[in-house]
Amino acid sequence: MRVYVPLTLSGLAAAHGAGEVGPGPLTAYAVTPGLREWYVSDDIEELEYAALNRAAAASLRMIARDPGEARRRIVVAVDVPEGAAVADPDQGLSAASLGEVRIAAPLPLAKAAAVHVDADEAEEDVAAAAAALGAADLGDDDARFTVDGAEDHELLWFGVQEIPQLIG
């Protein structure tokens, strides 16, 4: 099963130094029954893309909590054994937790399939989205529009071997 772990640039650097994403428990995103039901698709690529976007939104929340953090969303895609990622059945269709799973143990970075990162040109929109997130959560339509502006940026794909260049 592929899971998408939201991180920040400093979190990616720490994972690279430790050789693992952790410690556990970790929150990640995957194709869960709730995500399948919400997305109404049988196309696994579309469903995985939806899970990746959920993780990117969680990365934005991490960035918003730390004013010193680089304004680039980071998501690490990791393949885990079946059963390692557990969805909370009570949260199944909650809009806030669609696709959310828990992983008890750290994830070896060697098991990562890819790293997804915002391009440099997304930083301004990600910074604005991080600043507007609180107001968007309270229902401010202009703030929601700003947050959506960050979501318009596609995350770029990088191989795990490229992490040293990403964390620079």
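How each quantity is defined
- Residues numbered from 1 in each chain as written.
- Predicted model: local features only at pLDDT ≥ 70, side-chain atom pairs only at ≥ 80, totals over all residues.
- Heavy atoms only, no water.
- Helix = DSSP H or I, 4+ residues; strand = E, 2+ residues; numbered from the N terminus.
- Salt bridge = Lys/Arg side-chain N within 4 Å of Asp/Glu carboxyl O.
- Buried < 20%, exposed > 50% of the residue type's maximum accessible area, 1.4 Å probe, protein only.
- Contact = heavy atoms within 4.5 Å.

Asker: Honestly, unusual backbone geometry in this entry has me stumped. Any pointers?
Answerer: It is generally the case that most residues other than glycine have a negative phi and that most peptide bonds are trans. Backbone torsion omega between Gly 22 and Pro 23 reads 5°, so that peptide bond is classified as cis. Relative to the helices and strands, Pro 23 resides in the loop between β2 (20-21) and β3 (26-29).

Asker: Just to check I follow, could you spell out the pattern of salt bridges for this structure?
Answerer: Between side chains of opposite charge, a pair can form as their charged atoms come close. Applying the stated rule across the entire model yields seven salt bridges. Of the charged contacts, one joins Arg 2 and Asp 79 as a salt bridge, the two residues approaching to 2.8 Å between their closest N and O atoms. Remark: Asp 79 occurs in strand β4 (residues 74-79) and Arg 2 occurs in strand β1 (residues 2-7); sequence separation between them is 77 residues. For Asp 120, the salt bridge identified is with Arg 72, shortest N-O distance 3.6 Å. Placement of the pair is Asp 120 in the loop between β8 (112-117) and α4 (123-137) and Arg 72 in the loop between α3 (44-65) and β4, with a sequence separation of 48 residues. Because the salt bridges share partners, they merge into one network encompassing Arg 144, Asp 148 and Glu 151.

Asker: I would appreciate a short explanation of the environment of Arg 36 in the present structure.
Answerer: As for its position among the elements, Arg 36 is in helix α2 (residues 33-39). The partly exposed category is assigned to Arg 36, whose relative accessible area is 38%. For the pair Arg 36 and Arg 2, spaced 34 residues apart in sequence, the C-alpha separation works out to 15 Å. The residues contacting Arg 36, other than those within four sequence positions of it, are Val 31, Ser 41, Ile 44 and Leu 47.

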